[in-house]
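# Close look at the chain arrangement
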Amino acid sequence: MKNCAILIVVFIISYSSAISVMGQTHSNLSLAECVRLAVENNPTLKQTELNVYRHQINYKQARYNRLPSLEGNINHGYNEGRSVNATTNQFVNTSFFSGGQSLYLSAPIFNGFQILHDIRRRASAQEAGKFEFEGAVNELKLDVIEAYVLVLTAQDMLRQTEGQLAVTQENVERMEIMHREGAADPGDFYDLKGQLRTDQNLLETNKQALYDRRLRLAALLNRAVDELPELEPLSFSIDQKRYSDAELYRTAMNVLPQFKALDWRITEAQQQINVMKSDYYPSLSLSASIQSRFSSIDDSGFNYWQQFRNYPAKGISLSLRIPIFSKMRVRTQVKLAKLDLDEVKWEREIQENALREQTAKAVFSMKTLRENVNNLREQAQSYQEAFRIAQVHFDAGNSNSVVFLTAKNKLDNTRNALVIKQYEWIMQKYINDYYAGTLDL
């Protein structure tokens with residue numbers, strides 16, 4: 001009876017973190033704090049965020065392409081022997097310095113609306129990048145939630161194993177005294193000692209599992225595992241808003257940023273086709289220039305500014321380019337752009353099909369886990385009573401170690417399964433909230 005009472009107390013202590021939120025010290029990390037730290041510090045997410053800035057820069061450049069371009073040029077050289085004087089165009093047979101300076105302006109007037117379509121394409125890419133980054137943030141949140149839940153699961157499993165080991169140790173010590181006095185069956189004594197080693201090995205395995213899972217969570221937060229504080233427990237409630245497969249699927253389609261990003265990628269691909277088609281049209285551009293020459297043997301002397309004023313050359317021109325035949329290059333580019341559009345559309349179709357499968361699985365898993373938790377709770381109560389009876393008979397010498405350990409292992413396995421299933425239910429709840437757009441972290 002004493003061992004049974006000890007087991008009940010240990011089980012209640014190990015379970016308390018999964019059933020209700022206990023008071024924590026200030027240094028403990030909550031799930032919301034872990035998510036915030038991951039979003040702020042995760043290097044993979046920071047690397048993904050660079051794509052957002054890249055799209056912004058490309059969009060700005062696309063708009064800048066509407067502006068004219070202005071170039072300046074200065075050249076200077078030394079001439080020796082028979083050369084042409086740059087300012088008089090006469091042959092001279094002397095040594096002198098010559099050079100020139102110019103400004104050149106060019107501006108597009110019409111190029112098949114290529115610049116306009118490219119601006120729209122870059123704008124679509126910018127919006128798609130924002131939603132893709134938002135999707136990456138959500139994926140990181142789910143990874144953190146999963147890692148957080150797995151740490152709590154490992155912690156409770158470790159406490160559960162410690163309680164099981166304490167009960168086994170208590171029985172081994174009692175049997176050892178009886179064995180020395182010749183009052184215990186040697187087979188029962190060694191059977192219990194073997195169970196003790198099994199529980200000790202299981203304890204070490206659970207310690208390793210807890211360390212690995214804390215290591216995974218610390219990596220997501222971009223910190224060393226030694227810097228990771230203890231975690232606050234999560235409350236467990238079997239109540240949860242229930243969705244049908246179709247409801248959750250439709251809701252997820254409307255709220256998940258991945259699909260909004262794909263819509264913008266489709267628009268981007270459509271604009272890319274227009275960009276490629278613009279090469280079918282003629283292009284018209286305006287150019288203007290001003291230039292001057294310099295010579296050190298000019299009558300005005302070694303005066304750059306005076307010679308610039310004396311020998312200015314100005315010009316303005318319109319350039320019309322008419323495509324006639326380009327080895328089918330433009331046609332090929334248009335076809336490839338259309339294939340890119342089809343590829344994005346099919347990608348969206350694939351994502352929709354995957355989402356339909358995932359949401360249906362999520363809804364069914366919630367139902368299954370709810371039933372599992374209820375069944376395991378009742379099973380744990382039944383095995384608790386069976387173990388209590390087995391303990392009484394074993395202490396009285398009316399049973400053997402096989403019956404006792406069978407009852408104990410059934411109870412231990414059920415309690416372990418209940419801990420795991422409860423945390424699986426918590427994780428599934430967050431997954432369903434993610435699909436429903438109610439993940440408030």
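Just so it is clear, the model here is predicted, and its values are computed rather than measured. (Residues numbered from 1 in each chain as written. Predicted model: local features only at pLDDT ≥ 70, side-chain atom pairs only at ≥ 80, totals over all residues. Heavy atoms only, no water.)

This part is about the side chain of Gln164. The residue Gln164 is located in helix H4 (residues 114-180) in this model. Among the polar contacts listed, one links the side chain of Gln164 to the side chain of Asn416, at a separation of 3.2 Å. The contact partners of Gln164, leaving out residues within four places of it in the chain, are Asp199, Leu202, Lys408, Asp412 and Asn416. (Helix = DSSP H or I, 4+ residues; strand = E, 2+ residues; numbered from the N terminus. Polar contact = N/O pair within 3.5 Å; in protein donor to acceptor, adjacent residues only side chain to side chain. Contact = heavy atoms within 4.5 Å.)

Right, let's talk about the layout of surface pockets for a bit. As a volume, the largest pocket reaches approximately 250 Å³. Lining the largest pocket are 13 residues, and of these Glu139, Leu142, Gln358, Tyr434 and Tyr435 lie nearest its centre. Elements with a minimum of two residues in the lining of the largest pocket: H4, helix H7 (257-277), helix H9 (329-395) and helix H10 (401-436). It is H9 that contributes the most residues to the lining of the largest pocket, four residues altogether. Grouping the constituent residues of the lining of the largest pocket by class yields eight nonpolar, three polar and two charged. (1 Å grid on protein atoms, 1.4 Å probe; cavity = no way out; pocket = protein on both sides within 12 Å on 5 of 7 lines; lining within 4 Å. Points joined across faces, edges and corners; volume = space filled by probe spheres on them. Nonpolar A, V, L, I, M, F, W, Y, C, P; charged D, E, K, R; others polar.)

This brings us to the pairing of strand S4 (residues 96-110). Pairing of strand S1 (residues 69-79) with S4, which is carried by 11 bridges, proceeds in the antiparallel orientation. From the neighbouring strand, Glu71 faces S4, where its bridge partner is Tyr104. Here S4 runs beside strand S5 (residues 283-295); their pairing, made up of 12 bridges, is antiparallel. Looking at the pairing, Ser106 lines up with Ser287 of S5. (Pairing = 2+ DSSP bridges.)

UniProt tags residues 341-386 as "coiled-coil region" (unreviewed entry). Counting secondary structure, residues 341-386 comes out at 100% helix and 0% strand; the distance between its end C-alpha atoms is 65 Å. (UniProt positions renumbered as here; feature names shortened; annotations may be inferred.)

For the rest of this paragraph, the subject is helix H2 (residues 31-41). Because each turn of an α-helix spans 3.6 residues, side chains separated by three or four positions in sequence point in the same direction. Within the sequence span of H2, burial applies to Leu31, Cys34, Val35, Leu37 and Ala38. One face of H2 carries all of its buried residues, which in axial projection span an arc of 165°. (Buried < 20%, exposed > 50% of the residue type's maximum accessible area, 1.4 Å probe, protein only. Arc of directions from axis to C-beta.)

Further remarks concern the packing of H4 against H10. Where H4 meets H10, the axes come as close as 10 Å, and the angle between the chain directions of the two elements is 165°. As the angle between them shows, H4 and H10 are arranged roughly antiparallel. Handedness of the H4/H10 crossing: right-handed. In terms of residue class, the contact of H4 with H10 is built from 14 nonpolar, seven polar and six charged. (Axes fitted to C-alpha atoms, helices over the stretch in contact; angles between N-to-C directions. Parallel < 35°, antiparallel > 145°, perpendicular 65-115°, else oblique. Left-handed = near helix turned anticlockwise from the far one by under 90°.)

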